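As a plain string of letters, each chain reads:
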Amino acid sequence: ITPHYSFMAGFPTETKEDMAETVRFMARLKQENQQAVVWKINNYTPYPGTELYDVAVQHGFKPPRTFEEWSRVHFYSEDHGGGYDVRF
């Protein structure tokens, strides 16, 4: 059995250290099983109507005004109120 792992980061209350811990965990999974498939980290996107959307707004998220803006949004992007951009 070849395990496949997928991850998400950039949640409203997540810290840089939390993200670093996720990356360390990903590396450990691959080290422990060379056959494991570790996918990229996906960025959390706050969608209207969800509980985490409200949390993101409380933490400074500025919702996009157009559909085009929604195509490139995630919580920590500079354009939408986050302090830093999460890219792995």
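To keep things clear, this report deals only with the structure shown in the data block. (Residues numbered from 1 in each chain as written. Predicted model: local features only at pLDDT ≥ 70, side-chain atom pairs only at ≥ 80, totals over all residues. Heavy atoms only, no water.)

A look at the overall build of the protein
Inference 1: Counting secondary structure elements, the protein contains 3 helices and 2 strands.
Inference 2: Here the protein holds 88 residues, and 33% of them are scored as buried.
Inference 3: Pairs at least 24 apart in sequence give 54% of the contacts found in the protein among residues at least 6 apart. (Helix = DSSP H or I, 4+ residues; strand = E, 2+ residues; numbered from the N terminus. Buried < 20%, exposed > 50% of the residue type's maximum accessible area, 1.4 Å probe, protein only. Contact = heavy atoms within 4.5 Å.)

Some words on the pattern of salt bridges
Inference 1: For the coordinates displayed, the defined rule picks out 3 salt bridges.
Inference 2: Linking Arg24 and Glu17 is a salt bridge whose minimum nitrogen-to-oxygen distance equals 2.5 Å.
Inference 3: Residue classification places Arg24 among the partly exposed residues on the basis of a relative accessible area of 46%.
Inference 4: We classify Glu17 as partly exposed; its relative accessible area is 46%. (Salt bridge = Lys/Arg side-chain N within 4 Å of Asp/Glu carboxyl O.)

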